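Chains, contacts and geometry: an overview
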Amino acid sequence: MAARTAMKRTGKMKQRIEFEVNGKTREVLVEPWKTLLEVLREELGLTGAKMGCDDGNCGACTVIVEGQAIKSCLMLAPQARGKKILTIEGLGSEENPHPLQQAFIDHFAVQCGFCTPGMILAAKALLDENPEATEMDIRENLHGNICRCTGYVKIVEAIEAARDVLAKGPKS
Amino acid sequence: MKFEYLEPASVAEAAAMLGNYRHRAKILAGGTDLVVQIRQGTLKPDFVIHIGRIEELNGITTDSDGGLFIGTLATMRAIERSERLAGRWDILRQGAAQVSCPQVRNVATLGGNSCNGIPSADTVPPLIALGAEAVIVGPGGERKVHMEAFHRGPGRTVLEADEFMRGFKIPPPPPCTGGCYLKYTPRGTSELAIVGVAALVTLNPKDGTCQDARIVLGACGPTPLRTKKAESLLRGNRLDAPLIEKAAHMAAEESRPNPGISVRAPASYRREMVRVWGRHALKNAWMKAEAYHRS
Amino acid sequence: MSSEKAFSPPYSVIGKSIPRVDALDKVLGRAQFTADLQRNFPGLLHIKVLRSPHAHARIIKLDVTKAEKYPRVRAVVTGKDCPDKINTRAPRILALDEAIWGGEGVAAVAAESPEIAEEALRLIQVEYEKLPAVLDAEEAMQPNPPAVVDRQLGQYRGSPQFTPEAPNISGHYKLRTGDVEKRFAEADIILENRFSTSRVCHSQLEPASCIARFEPGGGVTLWTNGQGVHVIRGIISDQFDLPAAKVRVINPYQGGSFGSRLRHYVEPLATLLALKTRGTVEFTYTREEMYLAGSTRLPVVTYIKTGARKDGTIVAQQMKIIVDNGAFYAAVQDGRMAASGAVCVYRIPNFFMDSYGVNTNTPWAGAYRGLGTPQVAWAVECQLDMLAEKLGMDPVELRRKNVLHKGEKNAYGETIESIGVMECMEKVAEEIRLVEPCVQEPGPWKKGRGVAMGGKQNTPRGRSEAETLVYEDGTVEVLYSADEQGMGSETIMVQIAAEEFKISISQVRVRRGDTAITPYDTFSASSFTTYNTGNALRMACRDAIGQVLEAAARKLEASVDDLALANGKILVKGSPTMALADLFIPFSMFTPQGGPSLKKGTPVHGKGIFAPSPAIPWDPEIGQTPRMWNWYQYNACGVEVAVNTETGEVKILKGVVAADMGFPINPKMCEGQIEGGFGMAVGASLLEEYIYRDGLMINSSYGNYRIPTFREMPFRDRFKTFFASDPLPDGPYGSKGVGEGTMIAVAPAIANAIYNAVGIRLKDLPLSPERVLQALKEKRS
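Just so it is clear, the structure is predicted and the values come from calculations on it, not from any experiment.

1. What about the overall build of chain A?
Helix and strand content of chain A: five helices and five strands. Reading the helices (α) and strands (β) of chain A from amino to carboxyl end gives β-β-α-β-β-β-α-α-α-α. Whereas a compact globule of 172 residues would reach a radius of gyration of roughly 16 Å, chain A reaches 17 Å, a difference of no more than 12%. Projected onto the principal axes, the alpha-carbon positions of chain A cover approximately 50 × 35 × 30 Å. Across the 172 residues of chain A, 60% fall into the buried class. The contacts of chain A with a sequence gap of at least 6 include a subset with a gap of at least 24, amounting to 61%.

Listed below in structure tokens is the structure:
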């Protein structure tokens, strides 16, 4: 979608940015210094991604861009132009939750819930890439997502359970 | 933090923009460092030049001399997984693999990891150990600077206001070269290093003595630091555990951790960790070189 | 791994691990937290605060005119604009003429965007004159200290025991029982040590956030993640002289708290600026502000002298406990809180204790999970292991010898009603295989095992009210105001209502945390929500059921004693007869609409109030009373660690925790609390501390303040949780609380394990790699 022609000077003005979010084309008009996190939350009302620190340390802002987990507080909105983005709102539904979402419920991996959307998406990115991720893999790959409530025990349990469910059935 | 956002479509266009705005501009590649610094107000550019879509700045290609050229936009993830960087180049993969966490590695670039000038950057000691050169684009064309000389101090590099990084030229490591980069933190790679040690050992294929050794420290001084006295203890000699221990000690003595209050660790502890992890990294590198030597 | 079977009298949902009722919303990302609501408020203004970089400074110049004139700034306030009433639950909103800790706010801007507010802050001209600062509590408590931290300490509402002679001491709790001098003289062995803990911060993922809307007619509505909507309403109404009826406080979901949100540091400033701008403002702390100005745990220094006989009987103990409040006395540090951890476990007939709260020029401390008991258990449990070693005794046996039993009195003079601590200890010692030496492997890692135990008081704190609305279709609304900061109170309340009404979980709906709708409660603290609010809810359920059965008795001309309500049906002597719905008379022109019968459209309204009996005041010279606290929760912890003798790193290889929480209403949720508490305690034990330069905290980010990640917890098959519970007579279904217990015994268990591994005895937290390595070096030389 990005035009390969020379960019016009826009001044310190808002930029028109088009991207695909949860399967739908969206367009926003924002200042370029807004992060993807702010755009998702403030412009598109997708408040599942959270701001826990705003400097890339807690992972609560994790979303999936072009199939990779990224921390959306570290990406300027224009960098996301033309990309495919998946937020928690695009993963599963009440009627049909994603196995990770179901596993987080079934295994009590949710307490306050603030880290949960980022955690689930980071886990999804891991399992998409490594469907046989072991507990060690899970701990090593998700240590950029912080939880203060659970001690991580049931989060690991839930991800392993989801891994096993996904291994059996068709990929979500 | 207000700035004008520019997105050049080519290297030439980027160079022209940077030539125009100079000190008032910052180059944006992945952004995992720059975005935080701008939003926290430590950097206040009027212009942000995003080079992230310029394809020619990405990729890993082989040079005519058997060396590699890695584009500045190569992400940590791409480097971590690159088959081309297996074998004698692996030390660079190890460095990239230990940057922060997977989400950051998906986006952070090799160029950015050098250009932000953080003394604990994990890819810089491996680049220095490999003898890499930064390929720099400026108004006058291109120039090369050895990575050993690239950093000037915390947050400062040799880049002039109208220059930016195009990529890294890495000469082919000699046969029988093993490398190891170890990053030590109390909490895994998502923290900045307390010490980072890159050890590259080349054995003489004829007699198995140490032909060359590079020991480079991160987070132990205002810039990444090559500990040449420690290296010279090994060069020309047959390696054994006591000699490696001696070299690690010397490396610790050459290190220059900030004596002031640190959020990460006091200087005395960092020095001690250079001794410990220098030993481990050297041993590991030596074992890998031995494996090549024997095969 | 819980022992569900042991705790299931014939209940249908109590004692079962029902999935959390809020989990679906949270995994779908649609659970609303405070900042998520901002989009709903057009014209929202944003607040940013200018903070002092000095530990102690006089503000000699503060000129905000340029900031006020900056385009799209709507208001700028300084200390002069703030009400001068201080409430100990709400630190001074902005400094007046003296900034007393690094990070205290001196001015605030409300502007149309956060960026504009930040830019305006930079236009504020401020000049400080640095003053001497006192950063150490032991120094600060002396007469004529280097600095008087808070000149208003003696004037606060709910005033602590201020003494002008030692102007930084906020309180002094004394315990005097028996004759320690005599018993020390008779003791076979005496141990004396000093222990300390660091400043630690809750670091909950969701920053403090508040939206305040000015209401025409003079009032405010607040949406906040602060705890205790009615308490906040009271504070705001009082501070700003607003009519109580015109202040409304609403809680969305709260993203963790661990005590942080029990003090109110965003609501007052948001209210001030909402009133000033007559608009709607939001104030959300940055992560840095959470560390600098968002409440912390109390650092505690403990001097402990223990005298014992050869056979291990403790005959005398003397303790001096110094609790560092930071710069503001926030209503927990009169010294008593930390003290309770030393009193509730062991039989110590001769016990002198002096426990002080002391102000210093550092970030202020408030409530933090465990409230001082983990810090004191750190000292007590390490000392006991040292005593065991000196006596050549098994550390579990030493504890067994001295532990209190049900029916005995503790040093306060309270009679112990419920104490499952020794069962907890036996379980962990067995599971961690304490008596077996570890098999060491070649290399720098050395393994060791250690155990510890402890208890925490529950504060008999005010009353909780709850209401139930029972609709004709049998569904029930539960109304309560305690918090849901993640511990699962909503689920517990649903379980209680489902059990009492004998309906399914899906037929219960919770409405929580809105002063306009839900009845009075204090807040969720001291692990008492299940106990206080749960009890109130049971009463509200039974009140409603009573009303239903009375109506049914009239209709059926039966005796109420023969009737019951279950699953939307009235049962007569156990047999379902009529549907609940049939008791509700529909409207018709020909039927009277007054009278006592139930009417369609009006739910049955049940109310319950629960208040534990109050504490009984004590003579301040001896500190004894038959009722200082309410019940106690207990915990024991066993760990196997590996210590790296080259680097000083400590890894937790295995962990076992056993908890006495009375009765687990939802076992999996109890496990979750225990696991989370263990993780938090590992952080406080090994990793977390404030690093200061010139009195200003410099590691104020998640990158530099080390809270545990996935990698710092043991693997799943190496971490076990057990319940060894002793039902509480007046707890709902025998339940106590479980949220804080795990914090208590972890640090000493780790230190005892480190000693077992490498023979070094550490007395200061955190047990960071450099401290461990230093101790190892000192041992070698």
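On we go.
2. Structural notes on the overall build of chain C
Each helix and strand counted, chain C has 17 helices and 28 strands in total. Projecting the C-alpha coordinates of chain C onto the three principal axes gives extents of approximately 95 × 70 × 55 Å. Looking at chain C as a whole, 62% of its 781 residues are labelled buried. Sequence-distant contacts in chain C: of pairs separated by 6 or more residues, those separated by 24 or more amount to 79%.

3. Some remarks on the interface of chain C and chain A
In this assembly, 46 residues from chain C lie in contact with 44 residues from chain A. Broken down by secondary-structure element, the contributors of at least two residues to the side of chain C that touches chain A are helix H1 (23-28) and helix H15 (667-687) of chain C. Looking at the side of chain C that touches chain A element by element, the count peaks at eight residues for H15 of chain C. The residue makeup of the side of chain C that touches chain A, split by class, is 20 nonpolar, 15 polar and 11 charged.

4. Digging into the packing of H15 of chain C against helix H16 (residues 742-758) of chain C
All names here are of chain C. Viewed as axis vectors pointing N to C, H15 and H16 meet at an angle of 45 degrees, and their least axial separation amounts to 8 Å. By the criterion of interaxial angle, the relationship of H15 to H16 is oblique. Handedness of the crossing formed by H15 with H16: right-handed. Contact residues: H15 offers Ile 674, Gly 677, Phe 678, Met 680, Ala 681, Val 682, Ala 684 and Ser 685, while H16 offers Thr 742, Met 743, Val 746, Ala 747 and Ile 750.

5. Examining the domain arrangement of chain C
Residue and element names in this part refer to chain C. Split into domains, chain C comes out as domain 1 (34-131 + 216-254 + 260-284), domain 2 (300-460 + 618-780) and domain 3 (461-610). Computed from C-alpha atoms alone, the centre-to-centre distance between domain 1 and domain 3 is 40 Å. Counting from both sides, the interface comprises 14 residues of domain 1 and, opposite them, 15 residues of domain 3. Elements represented by at least two residues in the side of domain 1 that touches domain 3 include exactly helix H6 (229-239) and strand E11 (247-250). Element by element, the count of residues in the side of domain 1 that touches domain 3 is highest for H6, at four residues. Across the side of domain 1 that touches domain 3, the residue classes tally to six nonpolar, five polar and three charged.

6. Comments concerning the domain arrangement of chain A
All names here are of chain A. Partitioning chain A into domains gives domain 1 (15-90) and domain 2 (99-168). Each of domain 1 and domain 2 has a C-alpha centre, and these two points are 21 Å apart. Contact with domain 1, which involves 15 residues of that partner, is made by 13 residues of domain 2. For the side of domain 1 that touches domain 2, the secondary structure elements donating two or more residues are strand E3 (62-65) and strand E4 (68-71). At three residues, the largest contribution of residues to the side of domain 1 that touches domain 2 is made by E3. For the side of domain 1 that touches domain 2, a count of residues per class yields eight nonpolar, six polar and one charged.

7. Observations regarding the interface of chain B and chain C
Residue-level contacts link 14 residues of chain B with 18 residues of chain C. Residues belonging to the side of chain B that touches chain C are distributed by class as follows: nine nonpolar, two polar and three charged.

8. As for the sheet that holds strand E7 (residues 141-146) of chain B
Residue and element names in this part refer to chain B. One open sheet accounts for five strands, arranged E4-E5-E10-E6-E7; its pairing is antiparallel. Lying at the two open borders of the sheet, with one neighbouring strand each, are strand E4 (60-62) and E7. The sheet shows a mean angle of 25 degrees between the axes of neighbouring strands, direction not considered. Two strands pair when backbone bridges link them, and strand E5 (residues 68-71) and strand E10 (residues 164-170) are joined in this way by four bridges, in the antiparallel orientation.

9. Details of helix H11 (residues 395-402) of chain C
Among the residues making up H11 of chain C, those that are buried are Pro 395, Val 396, Leu 398 and Arg 399 of chain C. Angularly, the buried residues of H11 of chain C cover 160 degrees about the axis, an arc narrow enough to put them on a single face.

10. Side note on the sheet that holds strand E4 (residues 98-99) of chain C
All names here are of chain C. One open sheet accounts for three strands, arranged E4-E2-E6; its pairing is antiparallel. Where the open sheet ends on each side, the last strands, each with one partner, are E4 and strand E6 (125-130). In terms of strand pairing, strand E2 (residues 57-63) meets E4 through two bridges, oriented antiparallel. Looking at E4, one finds that Ala 57 is bridged to Ala 99.

11. Considering helix H3 (residues 114-122) of chain C
Among the residues of H3 of chain C, those classed as buried are Ile 116, Ala 117, Glu 119, Ala 120 and Leu 121 of chain C. Summarising the contacts, the buried residues of H3 of chain C are in contact with strand E1 (45-51), helix H2 (65-69), strand E3 (73-78) and strand E5 (105-111) of chain C.

12. Examining the environment of Thr 62 of chain A
When you line up the elements, Thr 62 of chain A lands in strand E3. Residue classification places Thr 62 of chain A among the buried positions, given that 32 C-beta atoms sit within 10 Å. Sequence-distant contacts of Thr 62 of chain A, that is, excluding residues within four places in its chain, are made with Ala 69, Lys 71, Gly 118, Leu 121, Ala 122 and Asn 145 of chain A together with Gln 103 of chain B.

13. Structural notes on the pairing of strand E16 (residues 445-457) of chain C
Residues and elements named next belong to chain C. Of all 13 residues in E16, 11 are buried; the element is thus mostly enclosed. Where E16 meets strand E24 (residues 632-644), 13 bridges bridge the pair, whose relative direction is antiparallel. Counterpart to Trp 445 in the pairing with E24 is Asn 644.

14. Structural notes on the pairing of strand E7 (residues 169-177) of chain C
Residues and elements named next belong to chain C. The element E7 is largely enclosed, with a buried count of seven among its nine residues. Taken together, the eight bridges between E7 and strand E15 (residues 351-359) define a ladder with antiparallel strand orientation. For Ile 169, the partnering residue across the bridge sits in E15 and is Val 358.

Criteria and cut-off values
- Each chain carries its own residue numbering, running from 1 in the direction its sequence is written.
- Labels follow written order: the first chain is A, the first ligand is 1, and so on.
- Since the coordinates come from a predicted model, pLDDT governs what is reported: local features require at least 70, and pairs of side-chain atoms require 80 or more to be given and counted, while whole-chain, interface and lining totals use all residues.
- Think of it this way: any DSSP run of H or I at least four residues long counts as a helix, any run of E at least two long counts as a strand, and we number them from the N terminus.
- Only C-alpha atoms enter the radius of gyration, while the globule expectation follows 2.2 Å times N to the 0.38, with N the number of residues.
- Remark: C-beta atoms are placed from the backbone, and a residue is labelled buried if 20 or more other C-beta atoms sit within 10 Å of its own, exposed if 12 or fewer do, or partly exposed between those counts.
- For every residue pair, C-beta atoms are placed from the backbone, and the pair is scored as a contact if these atoms sit within 7 Å.
- For this classification, Asp, Glu, Lys and Arg are treated as charged, while Ala, Val, Leu, Ile, Met, Phe, Trp, Tyr, Cys and Pro are nonpolar and the rest, including Gly, are polar.
- Here an angle of 0 to 180 degrees is reported between the N-to-C directions of two axes, which are lines fitted to C-alpha atoms, with helices fitted over the stretch in contact.
- Angles are sorted into four bins: roughly parallel if under 35 degrees, roughly antiparallel if over 145, roughly perpendicular if 65 to 115, and oblique for all others.
- Helix crossings fall into two classes, left-handed where the near helix is turned counterclockwise from the far one by less than a right angle and right-handed where it is turned clockwise.
- Where each domain starts and ends comes from a domain assignment, either automatic or drawn from a database.
- Following DSSP output, two strands are said to pair if at least two bridges run between them.
- Arc definition: directions from the helix axis to the C-beta atoms.

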